[in-house]
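Below are the chains, spelled out letter by letter.
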Amino acid sequence: MEAAEKEEISVKDEAVDKNIFRDCNRIAFYRRQKQWLSKKSTYQVLLDSVTTVEDSTRFQIINEASKVPLLAEIYGIEGNIFRLKINEESPLKPRYEVPDVLTSKPSTVRLIPSLGDTGSLILANEKGDLRCHITANPFKIDLVSEEEVVMSINSLGQLYFEHLQILHKQRTAKENEEEASVDTSQENQEDLGLWEEKFGKFVDIKANGPSSIGLDFSLHEFEHLYGIPQHAESHQLKNTGDGDAYRLYNLDVYGYQIHDKMGIYGSVPYLLAHKLGRTIGIFWLNASETLVEINTEPAVEYTLTQMGPVAAKQKVRSRTHVHWMSESGIIDVFLLTGPTPSDVFRQYSHLTGTQAMPPLFSLGYHQCRWNYEDEQDVKAVDAGFDEHDIPYDAMWLDIEHTEGKRYFTWDKKRFANPKKMQELLRSKKRKLVVISDPHIKIDPDYSVYVKAKDQGFFVRNQEGEDFEGVGKWNGDSYYIDIINVGGSTDILFLWNDMNEPSVFRGPEQTMQKNAIHHGNWEHRELHNIYGFYHQMATAEGLIQRSKGKERPFVLTRSFFAGSQKYGAVWTGDNTAEWSYLKISIPMLLTLSITGISFCGADIGGFIGNPETELLVRWYQAGAYQPFFRGHATMNTKRREPWLFGEEHTRLIREAIRERYGLLPYWYSLFYHAHVASQPVMRPLWVEFPNELKTFDMEDEYMLGSALLIHPVTEPKATIVDVFLPGSNEVWYDCKTFACWEGGCTVKIPVALDTIPVFQRGGSVVPIKTTIGKSTGWMTESSYGLRVALSTKGSSVGELYLDDGHSFQYLHQQQFLHRKFSFCSSVLINSSADQRGHYPSKCVVEQILVLGLRKEPSSVITHSSDGKDQPVAFMYCAKTSTLSLKNLSLNIATDWEVHII
């Protein structure tokens, strides 16, 4: 939700006012670090301080000027991960270390220490193929894999650490300067924000002075970096200039600008680097405001002095420098050594958790706007989907459904009988999702406010009183520190919005950094994790509602590393323009590779009125993206799918129905994300890591390993250039069944009814042959298999199936995991996981084989009981396709189809 009610601020006036938000040069800790680093002050390791304890190696680091020691700890972690922590050895008080993001205390492995050359220490894993080579003076760490230096830490000498200090109100400005960290003893101290920092009318008082940290990482021969969402930017990270760092600071930015590095709703301080033959990752575990600078030095070949007839040449390897800077906390960084993209995904999820297994309904289509007016409006929209034969699974209500903007209440006039409304949706096997923001209206007659206040659940200000801000919609509000959910029916789920947190009339429209949370931690320490806790508590509340039996669904706007454990994320307040459709693809790809597979963008754009062609193209794109929701702000025209003429209704219906047909494939992909950490939506470089051309592609992507999607993102397009990767691959057009060889770009005609979708040869994609009104109507409907043959005439695929809503797949092994394999003209259905058992009467009714070069003489099914059955078939020589229909092969049992 997204405009102010009380003062009637227009959304246009609010959109990305650069005076509201800070750039890097207006951030004091950035200015301090840049100023200090110009002095080239260095740190060194005290080798005589090295100690090895049970799970780590520790040593002191001292700055040559300050002589104040830091404590460094290096851990080896299972799965080829290193962890580096740097903290004050004797801090004035404990510094904030981010809790709850790591799924558990990481399992450590022993690192074997040895002395290297003079002034160095080596820590190696047991195999000896991964080593940390620590140079004492100046302090530097080289991460070595198979004798290759993959990464260097502090090779540019950008380690920076401000020590906590005691505030003496009586001391003079001169004494302040002298007692401040040596890191900041320069002219113009007032401009450096040591004890207070001014921004507009706001003053941030720092009780223990400056506390920022920083460190640089040099990635050898890596020129392609990805990650650190959320930014409306390209998938591949760009080089940054002075004052142009990527900002990780969760903010409510209405109608955010595209191709901008400013922080928006969420932050994941994790990036991946990829080159031919290797992928690595850096996870910077810090929840305070963070800035990331990136600078790639390309490879250079120098000609040396000519010796004899041939001039000697020396090549300097390329490398990319990544400089992390955070306002507070400690340095706590995980180095993920890969070596493959899949390995890095597993290593990261080993630390922060995998994507939650979503309830099946949440993978269907969601209908939302700010706002559906009343119960009659909801009933009419619901009936409209049925009338126009368009499936959907969830109706959404924004804040206007509440009584006076009080969350967990209903407007008694407009929603007089919410239970009856929910029962109507239940009868259609549909769900209801309502909004829940973290700001609670100050009202002594409001039970949620009273209970939260009585139990001390509100954030406090520096004086120890409840922090009072202005919620955008409900006026004076308190901001909840811990939230729980109750009093809802079992088909009602939740949407967490405004949880950056958004504070109208706050600095940058968010909470003051010196507000106090539980444990007396300042908001500055944990700002970026606030939304994470909001979603976590909401998900846990929904689980408690069902007594631990049912999976929750929670959509959040703000997020952090690990948010994937609790639900879905969307890209916030986008605009109804072609450029926002286009930028949504790299934004979602970046979220996907940083652990958050369940992500999407508002179909049609939240702000403004999309032209009809744009809306159709957005539905076509959204149908192939993980979270699929239409949404619009309150001052836009209504845009239910049937309001744009019969032809466009047909096109939108086809897009949504295509989504529902592919639900078995979608659900299987989410199972793999849940148990094996593999993204659902994948950039091409993930599937084709040795194909250089894919490294910077962001206008097309893979859905799992089987489908390539190229959304149409330009108006009036008639032809799209589609790159089909893999010189040994073969690809099949999912609409025409035309076959294309990989490793080339092809021109595909794209009338308004066409989005280029290709199935990869060697894959089997399960589909549903009948589309119902919602996912609930399709539980017993038949399956189809699309078998796309590789150049070797083989294919493999999988299907995962459970009840779609409970945790019984986890607690009682109630699931089916089937494997389909086609080889030597035989299609085999077998168990992929013998542990799972789930009764299903569903059958495979249709099989389509693509790329079969020869017409068979007969087709025979062979069941597990030994019975053979001839099957009628149709063969098309023009498209080399074999079609089998009217089959009745139980999905849960073993069987074979022989093509003779």
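Nothing here was measured: the structure is a model prediction, and the numbers come from that model.

This part takes up the domain arrangement of the protein. Split by domain assignment, the protein resolves into domain 1 (360-436 + 524-679) and domain 2 (686-899). Placing a centre on the C-alpha atoms of domain 1 and another on those of domain 2 gives a separation of 27 Å. Summed over both sides, the interface between domain 1 and domain 2 buries roughly 4,300 Å², with carbon and sulfur atoms accounting for 62% of that surface. The three residues of domain 1 that bury the most area against domain 2 are Arg551, Arg617 and Tyr665, which together make up 17% of that side's buried surface. Remark: the boundary between domain 1 and domain 2 carries three salt bridges. Across the pair Lys582 and Glu714 runs a salt bridge whose closest N-O atoms are separated by 2.9 Å. Inspection of the region where domain 1 meets domain 2 yields 26 residue pairs in polar contact (both at pLDDT 80 or more). Breaking the side of domain 1 that touches domain 2 down by element, the ones donating at least two residues are helix H10 (578-593), helix H11 (612-622), helix H12 (646-661) and helix H13 (663-676). Its residues assigned to classes, the side of domain 1 that touches domain 2 comprises 25 nonpolar, nine polar and 13 charged.

As a further point, take the side chain of Asn63. Within the fold, Asn63 resides in strand S2 (residues 57-63). For Asn63, a relative accessible area of 1% translates into the label buried. At a separation of 2.8 Å, a polar atom in the side chain of Asn63 contacts the main-chain amide nitrogen of Ala65. One polar contact links the side chain of Asn63 to the main-chain amide nitrogen of Ser66, over a distance of 3.0 Å.

Once that is clear, we can look at the packing of aromatic side chains. One pass over the structure, following the stated rule, counts 39 aromatic pairs. Seen in terms of ring centroids, Tyr256 and Tyr580 are 5.8 Å apart; in terms of plane orientation they differ by 55 degrees. Their pairing is tilted. Here Tyr256, found in the loop between strand S16 (246-248) and strand S17 (270-275), pairs with Tyr580, found in helix H10; they are 324 residues apart in sequence, far enough to count as distant. Here Tyr256 matches Tyr580 in class, with each residue buried. The structure contains a cluster of three or more aromatic residues connected by ring pairs, namely Phe361, Trp396, Phe493, Trp495, Phe553, Trp570, Phe598, Phe627 and Phe670.

Tracing the backbone shows Trp895 in strand S56 (residues 895-899). Along the chain, Trp895 and Lys885 lie 10 residues apart, while their C-alpha atoms are 16 Å from each other. Apart from residues lying up to four places away in sequence, Trp895 is in contact with Leu785, Leu827, Ile828, Asn829, Val844, His862, Ser863, Leu889 and Asn890. Polar contacts involving the side chain of Trp895 include one to the main-chain carbonyl oxygen of Asn890, which spans 2.8 Å. Separated by 3.5 Å, the side chain of Trp895 and the backbone oxygen of Thr893 make a polar contact.

On to the pattern of salt bridges. Close approach of charged atoms lets side chains of opposite charge pair. Under the criterion given, the structure shown has 60 salt bridges. With a shortest N-O distance of 2.7 Å, Glu687 and Arg682 are connected by a salt bridge. Members of the salt-bridge network, linked through shared partners, are Arg22, Glu197, Asp204, Lys206, Arg247, Glu289, Glu327, Glu508, Lys513, Glu522 and Arg524.

One can find His439 in strand S27 (residues 439-441). Side-chain polar atoms of His439 contact the side chain of Tyr407, separated by 3.1 Å.

Either a parallel or an antiparallel arrangement is found when strands of a sheet pair, and the pairing is made through backbone hydrogen bonds. Overall, antiparallel pairing links the six strands, which are arranged S37-S38-S39-S44-S41-S42 in an open sheet. Of all the strands in the sheet, just strand S37 (681-682) and strand S42 (739-741) have a single pairing partner and so form its edges. Pairing analysis gives three bridges linking strand S41 (residues 730-733) to S42, with the strands arranged antiparallel. Opposite Tyr732, over in S42, you have Cys739 as the bridge partner.

It is worth spelling out the UniProt feature "domain: Glycosyl hydrolase family 31 C-terminal" (unreviewed entry) in the protein at this point. Feature annotation in UniProt places "domain: Glycosyl hydrolase family 31 C-terminal" (unreviewed entry) on residues 678-765, given in this structure's numbering. Each end of residues 678-765 is marked by a C-alpha atom, and these two atoms are 17 Å apart; helix forms 5% of the span and strand 39%.

This next bit is on the pairing of strand S6 (residues 112-115). Direction of pairing for S6 relative to strand S7 (residues 120-124): antiparallel, over a ladder of four bridges. The partner of Pro113 across the bridge, within S7, is Leu123. Here S6 folds back onto S7 in antiparallel fashion, the turn holding four residues, of which Gly119 has a positive phi close to 80 degrees.

Let's shift gears to the state of the cysteines. The tally for this structure, following the rule as stated, stands at zero disulfides. We note that Cys734 lacks a disulfide partner, and the nearest cysteine sulfur, in Cys739, lies 12 Å from it. Left without a disulfide partner, Cys823 is nearest to the cysteine sulfur of Cys739, which lies 18 Å away.

Attention shifts here to the nonpolar core. Ranked by internal contacts, the top residues of the largest apolar core, which has 144 residues, are Phe283 and Phe553. The dominant element in this core, judged by the number of residues it contributes, is H10, at 10 residues. Two domains each put at least three residues into this core: domain 1 (360-436 + 524-679) and domain 2 (686-899). Phe553 has contacts with Pro359, Phe361, Ser362, His366, Trp396, Val433, Phe493, Leu494, Leu542, Ala568, Phe598 and Phe627, leaving out every residue within four places of it along the chain. Of all hydrophobic cores here, the second largest spans 50 residues; its members include Leu143, Phe222, Ala273 and Val322.

Reading the values: rules and limits
By convention here, each chain's residues receive numbers from 1 onward along its written sequence. Per-residue local features are limited, in this predicted model, to residues with pLDDT of at least 70; the limit for side-chain atom pairs, both in listing and counting, is 80 or more; totals at the level of whole chains, interfaces and linings are taken over all residues. Hydrogens and waters are ignored; side-chain quantities use all the structure's heavy atoms. For the purposes of this description, domain bounds are those given by an automatic or database domain assignment. Defined here as a combined quantity, buried area equals the accessible surface (1.4 Å probe) lost by two parts on assembly, summed across both. Just to be clear on terms, a salt bridge is a Lys or Arg side-chain nitrogen sitting within 4 Å of an Asp or Glu carboxyl oxygen. Pairs of N or O atoms are called polar contacts if they sit within 3.5 Å, as long as, within protein, a hydrogen donor faces a hydrogen acceptor (for residues adjacent in sequence, only side-chain-to-side-chain pairs). Where helices and strands are cited, they refer to DSSP runs of H or I of at least four residues and of E of at least two residues respectively, numbered from the N terminus. Basically, the charged four are Asp, Glu, Lys and Arg, the nonpolar ten are Ala, Val, Leu, Ile, Met, Phe, Trp, Tyr, Cys and Pro, and anything else, Gly included, counts as polar. Only protein chains enter the accessibility calculation, which uses a 1.4 Å probe. A residue is then buried if its area is under 20% of the maximum for its type, exposed if over 50%, and partly exposed in between. Pairs were defined over the aromatic rings of Phe, Tyr and Trp, the Trp ring being its six-membered one, requiring ring centres within 6.5 Å. Orientation was assigned from the angle between planes: stacked under 30 degrees, edge-to-face over 60, tilted for the rest. Pairs of residues are marked as contacts when any of their non-hydrogen atoms sit within 4.5 Å. Here, strands pair whenever DSSP counts at least two bridges between them. UniProt positions are given in the numbering used here, feature names are shortened, and annotations may be inferred rather than shown by experiment. Any two cysteine sulfur atoms lying within 2.5 Å of each other are counted as a disulfide. Remark: nonpolar core denotes a set of buried residues (Ala, Val, Leu, Ile, Met, Phe, Trp, Tyr, Cys) joined through side-chain atoms within 4.5 Å.

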